[in-house]
Amino acid sequence: MTLYHGSYLEIAVPDLIHSRPNVDFGRGFYVTPLYEQAAQWCGKFKRRGKNGIISCYSFDESRAASLKTLKFNSYSEAWLDFILNCRSGKDSPGYDLVVGGVANDKEFNTVELFFDGLIDKTEAIRRLRYEKPNLQICFRTEKALELLHFEGSKLI
C-alpha cells in the first residue's frame with residue numbers, strides 16, 4: 001500500500017519526536033492512502049508561503065499483523081470518544097496504529113459543538129453519519145514506523 005504525508009518539507013525518516021500532542025489519534029506520524037488528502041494537508045503550509053511537499057511511503061499491510069491496531073470503519077460514538085480523549089490530552093496508550101476518519105473542518109465543527117456541550121452525542125453522531133470519511137493512519141510507535149519505507153517526495 002502507498003501512503004502519503006503532506007507537509008512543508010520532505011520527511012525521509014519519520015519519527016515520533018516531532019509529533020504534536022492533543023490531535024485526533026494522539027501523538028504519532030500521520031499518513032493517508034489518499035493523495036488528494038495529503039495535498040489538502042499541504043494547503044495550510046502553502047497559505048503561509050511555504051512549500052507543499054508530499055512524502056510517499058510503502059507499507060506492507062501483511063507485516064502489520066503483529067501491531068496492536070485500532071480501526072474505526074466509520075464515524076461512530078467510539079471514534080468520537082477516542083478523538084475527544086486524545087484532543088483533551090487523555091490519550092489511550094497501547095496502540096501501535098490507529099486508523100480512521102479525519103476530523104476535518106466540517107467534522108471538527110460538529111466535534112467542537114459536542115465538546116462545548118451545545119449538542120449531545122446522539123446529535124453529533126447523526127450529523128457525522130452523512131459525512132464521507134477521509135482516512136488517516138497514525139503510526140504511534142517505533143515498532144509501527146519500522147514498517148513504513150520512504151519512496152520519495154513531490155513538491156506541489
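Above this note sits the structure.
Residues numbered from 1 in each chain as written. Predicted model: local features only at pLDDT ≥ 70, side-chain atom pairs only at ≥ 80, totals over all residues. Heavy atoms only, no water.

## Things to note about the packing of helix α2 (residues 77–87) against helix α4 (residues 121–129)
Here is the rule: Angles run from 0 to 180 degrees between N-to-C directions of axes, and those axes are lines fitted to C-alpha atoms, restricted for helices to the stretch in contact. Under the DSSP-based scheme used, a helix requires at least four consecutive residues in state H or I and a strand at least two consecutive residues in state E, with every element numbered from the N terminus. Roughly parallel means an angle under 35 degrees; roughly antiparallel, over 145; roughly perpendicular, 65 to 115; everything else is oblique. Throughout, a residue-residue contact means that at least one pair of heavy atoms, one from each residue, lies within 4.5 Å.
Remark: α2 packs on α4, axes separated minimally by 10 Å, with the N-to-C direction vectors making an angle of 110°. One element, α2, and the other, α4, form an angle in the roughly perpendicular class. Each of Glu77, Trp79, Leu80 and Asp81 in α2 lies in contact with α4, whose residues at this interface are Lys121, Ala124, Ile125 and Leu128.

## Overview of the sheet that holds strand β7 (residues 148–155)
What counts is decided by this rule: For two strands to be treated as a pair, DSSP must find no fewer than two bridges joining them.
What the 3 strands build is an open sheet, ordered β1-β3-β7; its pairing is antiparallel. What marks the edges here is a single partner per strand, and that holds for β1 (2–7) and β7. Neighbour to neighbour, the strand axes of the sheet diverge by 25° on average, direction disregarded. One ladder, built from 6 bridges, connects β1 with strand β3 (residues 53–59); its direction is antiparallel. Within β3, the position partnered with His5 by the bridge is Ser55. Across the sheet, helix α1 (residues 35–47) lies against β1, β3 and β7, angled at about 10° from β1, the strand it touches most.

## Quick look at the layout of surface pockets
Over the atoms rolls a probe the size of a water molecule, and in doing so it shows where empty space is left. Defined as follows: A cavity here means a set of 1 Å grid points, computed over protein atoms only, where a 1.4 Å probe fits but cannot escape. A pocket is an open set with protein on both sides within 12 Å along at least 5 of 7 lines, and lining residues have an atom within 4 Å of a point. Grid points are joined across faces, edges and corners, and a volume is the space filled by probe spheres set on the points. In this classification, Asp, Glu, Lys and Arg are treated as charged, Ala, Val, Leu, Ile, Met, Phe, Trp, Tyr, Cys and Pro as nonpolar, and every other residue, Gly included, as polar.
Counted as a void, the largest pocket has a volume near 1200 Å³. When residues of the lining of the largest pocket are traced back to their parent elements, those giving at least two are β1, β2 (29–31), α1 and α3 (105–115). Counting residues per element, the lining of the largest pocket draws most heavily on α1, which supplies 6 residues. Surrounding the second largest pocket, Met1, Phe59, Glu61, Ala64, Thr69, Lys71, Leu97, Val99, Leu135 and Ile137 form its lining. Mapped by element, the contributors of at least two residues to the lining of the second largest pocket are β4 (69–71) and β5 (97–100). Class assignment for the residues of the lining of the second largest pocket results in 7 nonpolar, 1 polar and 2 charged.

## Some thoughts on the side chain of Ser7
Threshold: Throughout, exposure labels follow a simple rule: accessible area from a 1.4 Å probe, protein chains only, divided by the maximum for the residue type, with under 20% read as buried, over 50% as exposed, and the rest as partly exposed.
With respect to the element layout, Ser7 can be found in strand β1. For Ser7, a relative accessible area of 7% corresponds to the buried category. Not counting chain neighbours up to four residues away, the residues in contact with Ser7 comprise Cys42, Phe45, Asn51, Gly52 and Ile53.

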